[in-house]
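Observations on the three-dimensional arrangement
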Amino acid sequence: MFNIIISILLFLSCSPQDDQYKSDRESMVRRQIEDREIHNQPTLDAMLAVPRHKFVPSNLLERAYNDGPLPIGYGQTISQPYIVAYMTAAIDPKKEFKVLEIGTGSGYQAAVLSGIVSDVYTIEIITELYNSASKRLRGLGYKNVICKNADGYYGWKDFAPFDAIIVTAASEYIPPPLIEQLKDGGKMIIPVGSPFLNQTLILIEKEGEDITTTSLLPVRFVPFTRGN
Ligand code: SAH
């Protein structure tokens, strides 16, 4: 009898909509990510776990798992799932990592990192997006994500150095404070290029005084803007 009651409760707590999103998420990970040769297991697991539909505006729910970016207001976007996975896998995230993200946006990339690494610090320049993303991340229980409303150009000195830095807005050049705040042996991934035009995802690796840069992928990101 007890088992039957538990089963009924479980059934009632899983709405058909949740099931739909779960299967949308599974096919997103299979077709958009694994089929395109991203095999970093922690990244795949995190992308399967994070409810992307909770990070998009309610009028775009049906497109939450589509193969593209979506507008989130204020001229900004939540990145395409493949790009989020690509950038996450590129830093080869480990459990003990402390990661800095520049460009919180919806909070989706931060949530993906949150399931993999120990601490996520994320900076957003637009106050309204900072407010909504920090509330959303708190509401969804991502306790190891700390948000700040500031110009990410300067990084976050109080918590530096970082094992990895992910920049999700395109800059014409790599902000020197971010390189400084990278740990020895750390990795940074950043789209570099002109606003809305040709940009390339660049991987930066720091080994002592040596900085190696590798061009990875042509991309199109919203611009990295500067505070006053
Ligand atoms: N990572 C986000 C996508 C971000 S879009 C997500 O998962 O949803 C890029 C974001 O970078 C925008 O929200 C934009 O406002 C922010 N941004 C641009 N320049 C910035 C800067 N100098 N410092 C911090 N955030 C910045």
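Residues numbered from 1 in each chain as written. Predicted model: local features only at pLDDT ≥ 70, side-chain atom pairs only at ≥ 80, totals over all residues. Heavy atoms only, no water.

This part takes up the overall build of the protein chain. What the protein chain contains, in helices and strands, is 7 helices and 9 strands. Scaling as 2.2 N^0.38, a compact globule of 228 residues should have a C-alpha radius of gyration of about 17 Å, and the protein chain matches this with 18 Å. Oriented by its inertia axes, the alpha-carbon framework of the protein chain measures out at about 65 × 35 × 35 Å. Across the 228 residues that make up the protein chain, the buried fraction comes to 49%. Excluding contacts between residues fewer than 6 apart, the proportion of contacts in the protein chain whose partners are at least 24 apart in sequence is 53%. For the protein chain, the computed accessible surface area is about 11600 Å², with 53% contributed by carbon and sulfur atoms. In the protein chain, 22 positive and 26 negative side-chain charges are present, and the distance between their average locations comes to 5 Å. (Helix = DSSP H or I, 4+ residues; strand = E, 2+ residues; numbered from the N terminus. Rg over C-alpha atoms; globule rule 2.2 N^0.38 Å. Buried < 20%, exposed > 50% of the residue type's maximum accessible area, 1.4 Å probe, protein only. Contact = heavy atoms within 4.5 Å. Areas by Shrake-Rupley, 256 points an atom, 1.4 Å probe, with all protein chains shown as cover. Lys, Arg positive; Asp, Glu negative; His and termini not counted. Charge placed at Lys NZ, Arg CZ, Asp CG, Glu CD.)

With that settled, the discussion passes to the site of the ligand. Around the ligand lies a shell of 27 residues, among which S106, E124, D151, G152 and T225 are the nearest. At 2.9 Å, a side-chain N or O of E101 approaches a nitrogen atom of the ligand. In this structure, G103 approaches the ligand through a main-chain N or O atom, which is 2.9 Å from a nitrogen atom. When the ligand sits alone it has 580 Å² of accessible area, and the protein chains cover 99% of it. Elements with a minimum of two residues in the shell around the ligand: β2 (76-78), β3 (98-102), α5 (108-114) and β4 (119-124). Per-element accounting of the shell around the ligand gives the leading share, 3 residues, to β2. Per-class residue counts for the shell around the ligand are 12 nonpolar, 12 polar and 3 charged. (Near = heavy atom within 4 Å. Polar contact = N/O pair within 3.5 Å; in protein donor to acceptor, adjacent residues only side chain to side chain. Nonpolar A, V, L, I, M, F, W, Y, C, P; charged D, E, K, R; others polar.)

Attention shifts here to a negative patch on the surface. There is a patch of like negative charges on the surface, built from D184, E207, E209 and D210. On the basis of relative accessibility, which here comes to 54%, the residue D210 falls in the exposed class. (Patch = residues over 30% accessible without salt bridge, like charges linked within 9 Å, V, L, I, M, F, W, Y side chains within 5 Å. Salt bridge = Lys/Arg side-chain N within 4 Å of Asp/Glu carboxyl O.)

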